[in-house]
Protein chains: 2
Amino acid sequence: MQLILLSGGSGKRLWPLSNYARSKQFLPLLQAPDGAKESMLQRVIRQIKESGIDACITIAANNQQKDAIENQVHDKITFVQEPERRGTFAAIALSVMHLALEDKISPDETVVVMPCDAYTGKEYYSVIKQMADTVDNNAADLVLMGIKPTYPSPKYGYIIPEFRSSEVKEFRSLGVKEFVEKAEIKDAEELLKEGAYWNGGVFAFKLGYMVNAVKHYLNADSYTEFRNKYNLLPKGSFDYEFVRSAKNVAMVPFNGEWKDLGTWNTLTEELPDNVMGNAILGNKNTNTHVINELGTPIFCNGLSDVVVAACPDGILVCGKKVSETIKDYADKLINRPMYEERRWGSYQVLNTQEFDDGFKALTKTITLNPGKNISYQVHHHRSEVWSFIDGEGLFVLDGKVTKVKRGDVVNIPAEHLHAVKAITKLTFIEVQEGGPLIEEDIERFPFEWIL
Amino acid sequence: MQLILLSGGSGKRLWPLSNYARSKQFLPLLQAPDGAKESMLQRVIRQIKESGIDACITIAANNQQKDAIENQVHDKITFVQEPERRGTFAAIALSVMHLALEDKISPDETVVVMPCDAYTGKEYYSVIKQMADTVDNNAADLVLMGIKPTYPSPKYGYIIPEFRSSEVKEFRSLGVKEFVEKAEIKDAEELLKEGAYWNGGVFAFKLGYMVNAVKHYLNADSYTEFRNKYNLLPKGSFDYEFVRSAKNVAMVPFNGEWKDLGTWNTLTEELPDNVMGNAILGNKNTNTHVINELGTPIFCNGLSDVVVAACPDGILVCGKKVSETIKDYADKLINRPMYEERRWGSYQVLNTQEFDDGFKALTKTITLNPGKNISYQVHHHRSEVWSFIDGEGLFVLDGKVTKVKRGDVVNIPAEHLHAVKAITKLTFIEVQEGGPLIEEDIERFPFEWIL
């Protein structure tokens with residue numbers, strides 16, 4: 001069995017904690033059974049393992065999410081990199097072709113596609129097994145998960161089964177009478193009366209079935225060729241492009257806990273504490289949550305149903321009931337990320353300054369994990385000063401390697417090749433000067449590290 | 001005429017914007033007539049000038065407020081430095097003795113003492129003139145300002161005049177029947193029925209009268225001697241130590257606008273805009289104010305009667321009606337100031353880090369105003385790296401002077417003497433390393449700058 005996890009999401013609705021590099025599924029806010037914090041992605045992967053599902057996991061994501069996935073997932077997974085954001089149909093097509101053409105998986109193998117940010121209980125995974133069984137038994141070509149709806153939502157798609165599950169005594173799956181991609185609230189009320197289910201975004205099928213379907217859209221002899229033509233795939237959702245016109249479709253209903261933690265309102269319901277980070281709640285607050293990733297202390301009092309979320313990218317103070325409105329303002333609020341986790345460690349922007357003549361300065365604190373290095377690189381528009389404040393490492397300037405440690409300072413003029421590798425965990429303060437000060441002012445070169 | 005402005009205040013109730021160095025009277029939040037922002041102190045000094053009062057101004061304040069006063073007040077004033085916080089009686093006594101013994105002012109000259117943080121209209125200054133006239137005419141030894149009360153407040157003292165002002169057709173001042181230092185709400189209600197006024201904390205008297213009174217508490221031949229014995233003065237308020245037992249007291253009533261902008265609730269009523277600084281208010285807020293002195297953007301929505309105030313010292317999110325509760329939590333919230341204005345410029349702490357072995361690093365951005373310098377100094381417990389990012393200056397290390405400019409970097413090991421003087425406005429990033437990283441790790445030496 002093959003599991004494809006779709007890691008999408010621009011994360012605007014969980015601003016400021018989420019951004020293009022750190023979508024909501026990577027926020028380490030949930031409580032793991034061992035008391036540590038875990039992200040939605042980590043929770044899903046843990047739950048898959050705990051459920052006993054024996055499957056290879058493929059994660060489809062864009063390149064900006066690659067470092068976050070590598071840092072958070074330590075199990076063996078296959079990473080399928082989407083060349084651009086192009087909707088769920090394209091992402092599923094790419095993953096399916098990777099399985100077929102790159103991993104050489106048998107066309108007869110069952111594939112389950114699922115989102116990586118559904119907040120569910122363990123019964124969800126029993127239903128996934130049931131969906132896979134339905135495909136294995138050739139009972140349907142495409143099997144959907146139907147979520148028992150709790151209210152007439154305009155946000156989800158609807159599945160109307162051929163029979164109400166109450167009308168059928170014993171069943172593994174129900175035939176699908178109709179598939180509705182999205183419904184207005186009024187129509188949704190009618191659909192609920194008809195016994196419709198929400199479309200949970202979980203799909204099961206045989207690999208060969210989907211490969212054949214994808215080939216109608218785009219054919220290629222190799223995965224590389226397919227990926228290079230990615231921009232020729234339709235931009236729509238899998239629901240719109242494929243499910244609504246598919247034949248021989250079945251549904252397995254899921255009646256357990258299922259939440260979309262995509263807004264602060266729903267996410268805060270699942271947080272283990274009202275306060276995370278450096279914050280004090282006074283004694284006159286009601287149902288108020290504070291998440292502070294800044295060093296600066298926060299004090300809240302006299303608030304009711306409010307979420308406060310602060311990190312280097314921004315500070316949100318929002319009534320929970322209107323937390324969805326963030327996305328309407330996000331474009332005005334989102335700038336370059338001020339904090340990023342990378343494969344080599346993390347950085348935080350501490351300060352930016354621009355002077356009358358347009359000259360800019362940007363100060364960062366950077367931490368490299370032991371054994372990790374940043375690439376051998378040159379900047380054309382800025383010089384850098386690094387003050388090492390902790391750890392030991394190797395520093396390269398124009399090919400010359402020197403050992404650096406706490407207390408050392410190095411100057412890196414523009415146009416000079418440089419790199420650094422951590423021996424122990426290495427922390428330094430970087431002052432960039434010049435302009436424009438953007439992550440893109442970088443040219444990378446190969447370098448052979450000999451420790 | 002002599003005016004003494006009392007600059008007190010710990011500023012806990014306006015946390016995080018106020019701290020021990022930046023009391024509420026220094027916050028540049030109010031709107032000046034020219035459209036610029038001004039502080040309460042700047043507003044009072046502007047109003048004094050506009051009122052045509054011809055007086056020398058003395059400001060009594062503690063040493064930590066000295067730089068803020070110098071930066072904000074560009075008129076000629078006399079600064080009387082209180083050796084310690086010791087209540088209003090001691091502060092007034094010190095100022096009076098400074099006028100008599102240091103400035104050699106005639107005992108016959110009229111002195112008016114006033115707070116520097118009352119928010120009033122210009123009629124307030126007409127009343128002050130009337131109070132001075134009453135003293136000039138020898139109609140009373142001590143003249144108080146009575147503020148027409150608007151509600152029975154437990155926060156203010158009360159003055160009961162001999163006659164209700166409505167009973168007297170024409171008057172310059174009213175005799176005082178009783179002086180109540182503070183009243184419970186219930187008693188205050190009774191006092192209001194009796195025609196009592198709030199004590200506005202404005203006092204007029206002849207210098208000689210008060211010098212004689214002070215000598216009963218503490219006598220000295222010189223101002224220096226008096227100041228050295230400051231700790232022998234009683235700690236109480238001027239009201240308690242002096243006014244309540246004074247004879248021949250009169251009151252001039254003031255019926256105009258008078259506000260104590262000492263809490264976020266009252267202060268925000270006078271702010272010119274709902275947003276100050278980098279913040280966006282969504283369209284679902286009511287009576288909500290945001291003051292953001294951070295570079296990090298703030299987004300607020302769905303809030304009602306809330307104040308959000310953010311600066312490097314902290315972030316407040318508080319229902320306006322409970323904004324007084326801050327003072328109960330302030331001791332937990334107040335750390336070292338993260339931003340300070342000094343006589344030479346300003347600094348902001350950008351980041352602090354502590355490592356497993358106790359080693360610390362602290363990063364600042366520092367700006368020196370043109371022509372200003374920091375003292376020639378040595379640190380025993382830390383080294384510093386300065387990256388100059390704008391301007392030009394002279395840098396001294398162990399007596400050797402070099403010119404520094406944008407792009408230069410200097411290393412200052414612990415125990416090495418150093419200083420810097422700005423030629424043009426000079427900005428640099430400082431990385432301190434070692435420990436403990438406190439402002440007190442400094443020893444200053446004389447240095448003769450030759451430009």
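This text gives an overview of the structure that appears in the document. On a predicted model such as this, the values are computed, not experimentally measured, just so you know.

1. Looking at the overall build of chain A
Move 1: Of the regular secondary structure elements, chain A holds ten helices and 30 strands.
Move 2: Over its C-alpha atoms chain A spans a radius of gyration of 25 Å, differing by no more than 12% from the 22 Å that the globule rule assigns to 451 residues.
Move 3: Seen through its C-alpha atoms, chain A measures out along the principal axes to roughly 75 × 65 × 45 Å.
Move 4: Counting only residues that meet the buried cut, chain A has 56% of its 451 residues in that class.
Move 5: As displayed, chain A has an accessible area near 19,100 Å², and 47% of this comes from carbon and sulfur atoms.
Move 6: Between the averaged position of the 51 positive side-chain charges in chain A and that of its 61 negative side-chain charges there is a distance of 2 Å.

2. A closer look at the packing of aromatic side chains
Move 1: The full count for this structure, using the stated rule, is 36 aromatic pairs over all chains.
Move 2: Arranged with centres 5.0 Å apart and planes meeting at 70°, the rings of F447 of chain A and W449 of chain A form a pair that is edge-to-face.
Move 3: Seen from their ring centres, Y151 of chain B and W198 of chain B are 5.3 Å apart, and the 80° between their planes marks the pair as edge-to-face. Pair noted here: Y151 of chain B is in the loop between β8 (142-147) and β9 (158-161) and W198 of chain B is in strand β11 (residues 197-206), with a separation of 47 residues, a long-range link.
Move 4: On the basis of relative accessible area, W198 of chain B is assigned to the buried category, the value being 3%.
Move 5: Clustering of aromatic rings is evident, with ring pairs tying together F89, F203, Y209, Y217, F238 and F242 of chain A.
Move 6: Over the face of the ring belonging to Y347 of chain A we find K364 of chain A, whose NZ or CZ atom lies 3.9 Å from the ring centre.

3. Here we look at the sheet that holds strand β18 (residues 306-311) of chain B
Move 1: Ordered in space as β15(A)-β17(A)-β19(B)-β18(B)-β16(B)-β14(B), the six strands form an open sheet in which the pairing is mixed. Each of the sheet's edge strands pairs with one partner strand only, and the pair in question is β15 (279-281) of chain A together with β14 (275-277) of chain B. Averaged over all pairs of adjacent strands, the angle between strand axes in this sheet comes to 5°, irrespective of strand direction.
Move 2: Here four bridges tie strand β17 (residues 298-301) of chain A to strand β19 (residues 314-319) of chain B, and the two strands are oriented parallel to one another. Counterpart to C300 of chain A in the pairing with β19 of chain B is V317 of chain B.
Move 3: Contacts from helix α10 (residues 326-333) of chain B reach β15 and β17 of chain A together with β19 of chain B, with the element oriented near 160° to β17 of chain A.

4. Focus on the side chain of T110 of chain A
Residues and elements named next belong to chain A.
Move 1: Examined against the element boundaries, T110 turns out to sit in strand β6 (residues 110-115).
Move 2: With a relative accessible area of 5%, T110 lands in the buried category.
Move 3: In contact with T110, other than residues within four places in its own chain, are M1, Q2, A132, V135, D136, F205 and K206.

5. Concerning the sheet that holds strand β29 (residues 426-434) of chain B
Residues and elements named next belong to chain B.
Move 1: A sheet is described by the order of its strands in space; here six strands give the open sequence β20-β21-β22-β29-β24-β27, paired in antiparallel fashion. Unpaired on one side and paired on the other, β20 (339-342) and β27 (409-412) mark the two borders of the sheet. On average, each strand axis in the sheet is inclined to that of its neighbour by 20°, with strand direction left out of account.
Move 2: Two elements, β20 and strand β21 (residues 345-354), share four bridges in a ladder whose sense is antiparallel. Bridging from a neighbouring strand, E340 pairs with Y347 of β21.

6. Let's talk about the relation of the copies chain A and chain B
Move 1: Once chain A has been moved 0.0 Å along the axis and rotated by 179°, it coincides with chain B to within an RMSD of 0.1 Å. Expressed as an axis order, the relation between the two copies is that of a two-fold axis. Every residue of chain A has its C-alpha some distance from the rotation axis, and the shortest such distance is that of L350 of chain A, at 2.9 Å.
Move 2: When the interface residues of chain A are mapped onto chain B, 100% of them again lie at the interface, so the same face is used by both copies.

7. Focus on the pattern of salt bridges
Move 1: Following the criterion strictly, the structure yields 49 salt bridges over all chains and no others.
Move 2: Note that K259 of chain A and E270 of chain A form a salt bridge whose closest N and O atoms lie 2.4 Å from each other. Taken together, the residues span a long stretch of sequence, with K259 of chain A in strand β13 (residues 258-260) and E270 of chain A in the loop between α9 (264-269) and β14 (275-277) at a distance of eleven residues.
Move 3: The exposure class assigned to K259 of chain A is partly exposed, which follows from its relative accessible area of 23%.
Move 4: On the accessibility criterion, E270 of chain A (16% relative accessible area) is buried.
Move 5: In this structure, K49 of chain B and D75 of chain B form a salt bridge, with 2.8 Å as the shortest nitrogen-oxygen distance.

8. Notes on the side chain of N199 of chain A
Residue and element names in this part refer to chain A.
Move 1: For N199, the location among the structural elements is in strand β11 (residues 197-206).
Move 2: On the accessibility criterion, N199 (7% relative accessible area) is buried.
Move 3: A polar contact of 3.0 Å, which involves the side chain of N199, links it to the side chain of D239.
Move 4: The residues contacting N199, other than those within four sequence positions of it, are M145, G157, Y158, I159, F179 and D239.

9. Structural notes on unusual backbone geometry
Move 1: G435 of chain A connects to P436 of chain A through a cis peptide bond whose omega is -5°.
Move 2: Looking at where P436 of chain A falls in the secondary structure, it is placed in the loop between β29 (426-434) and β30 (443-445).
Move 3: Positive phi values are uncommon outside glycine, yet K104 of chain A reaches one of about 55°.
Move 4: Looking at where K104 of chain A falls in the secondary structure, it is placed in the loop between α3 (87-102) and β6.
Move 5: Although it is not a glycine, D398 of chain B sits at a positive phi angle of roughly 50°.
Move 6: As for its placement among the helices and strands, D398 of chain B is situated in the loop between β25 (392-397) and β26 (400-405).
Move 7: Among the residues examined, D398 of chain B registers a relative accessible area of 41% and is labelled partly exposed.

10. Digging into the interface of chain A and chain B
Move 1: With 53 residues of chain A in contact, the opposing surface of chain B contributes 53 residues.
Move 2: Across the interface of chain A and chain B, roughly 4,300 Å² is buried in total on both sides, 68% from carbon and sulfur atoms.
Move 3: In terms of surface lost to chain B, no three residues of chain A exceed F299, I315 and V317 of chain A, which account for 16% of the buried area on that side.
Move 4: Our enumeration of links across chain A and chain B arrives at two salt bridges.
Move 5: For R406 of chain A, the salt bridge is made with D357 of chain B, and the minimal N-O distance between the two is 2.8 Å.
Move 6: At the boundary of chain A and chain B, one finds 20 residue pairs in polar contact (both at pLDDT 80 or more).
Move 7: Sort the elements by how many residues they give to the side of chain A that touches chain B and strand β19 (residues 314-319) of chain A lands first, with six residues.
Move 8: Here the side of chain A that touches chain B is composed, by residue class, of 30 nonpolar, 16 polar and seven charged.

11. Structural notes on the state of the cysteines
Covalent bonding between the sulfur atoms of two cysteines defines a disulfide.
Move 1: All chains considered together, the criterion is met by zero disulfides over all chains.
Move 2: Between C300 of chain B, a cysteine without a disulfide, and C318 of chain A, which holds the nearest cysteine sulfur, the sulfur-to-sulfur distance is 8.4 Å.

12. Some words on the environment of T365 of chain A
Move 1: You can see T365 of chain A is positioned in strand β22 (residues 360-368).
Move 2: Judged by its relative accessible area of 9%, T365 of chain A falls in the buried class.
Move 3: Separated by 66 residues in sequence, T365 of chain A and V431 of chain A place their C-alpha atoms 9.0 Å apart.
Move 4: Sequence-distant contacts of T365 of chain A, that is, excluding residues within four places in its chain, are made with S346, Y347, Q348, L350, T427, F428 and I429 of chain A together with N351 and Q353 of chain B.
Move 5: One polar contact links T365 of chain A to Q353 of chain B, side chain to side chain, over a distance of 2.8 Å.

13. Re helix α10 (residues 326-333) of chain A
Move 1: Those residues of α10 of chain A lying buried are I326, Y329, A330 and L333 of chain A. Buried positions in α10 of chain A, seen along its axis, are confined to an arc of 135° and lie on one side of it. Those residues of α10 of chain A that are exposed and angled more than 90 degrees off the buried face are D328, D331 and K332 of chain A.
Move 2: At its buried positions, α10 of chain A is contacted by α9 and β19 of chain A together with β15 (279-281) and β17 (298-301) of chain B.

14. Re the pairing of β25 of chain B
Residue and element names in this part refer to chain B.
Move 1: Relative to β26, β25 is paired through six bridges, and the arrangement is antiparallel. Pairing of F395 across the sheet is with T402, part of β26.
Move 2: The antiparallel hairpin formed by β25 and β26 contains two residues in its connecting segment, where D398 sits at a positive phi of about 50°.
Move 3: Where β25 meets strand β28 (residues 418-422), five bridges bridge the pair, whose relative direction is antiparallel. In the strand pairing of β28, L394 is matched with K421.

Analysis parameters
- Residues numbered from 1 in each chain as written.
- Chains lettered and ligands numbered in written order.
- Predicted model: local features only at pLDDT ≥ 70, side-chain atom pairs only at ≥ 80, totals over all residues.
- Heavy atoms only, no water.
- Helix = DSSP H or I, 4+ residues; strand = E, 2+ residues; numbered from the N terminus.
- Rg over C-alpha atoms; globule rule 2.2 N^0.38 Å.
- Buried < 20%, exposed > 50% of the residue type's maximum accessible area, 1.4 Å probe, protein only.
- Areas by Shrake-Rupley, 256 points an atom, 1.4 Å probe, with all protein chains shown as cover.
- Lys, Arg positive; Asp, Glu negative; His and termini not counted.
- Charge placed at Lys NZ, Arg CZ, Asp CG, Glu CD.
- Phe/Tyr/Trp six-rings, centres within 6.5 Å; stacked < 30°, edge-to-face > 60°.
- Lys NZ or Arg CZ within 6 Å of the ring centre and 35° of its normal.
- Pairing = 2+ DSSP bridges.
- Axes fitted to C-alpha atoms, helices over the stretch in contact; angles between N-to-C directions.
- Contact = heavy atoms within 4.5 Å.
- Least-squares fit on C-alpha atoms with pLDDT ≥ 70 in both.
- Salt bridge = Lys/Arg side-chain N within 4 Å of Asp/Glu carboxyl O.
- Polar contact = N/O pair within 3.5 Å; in protein donor to acceptor, adjacent residues only side chain to side chain.
- Buried area = accessible area lost by both parts, 1.4 Å probe.
- Nonpolar A, V, L, I, M, F, W, Y, C, P; charged D, E, K, R; others polar.
- Disulfide = S-S within 2.5 Å.
- Arc of directions from axis to C-beta.

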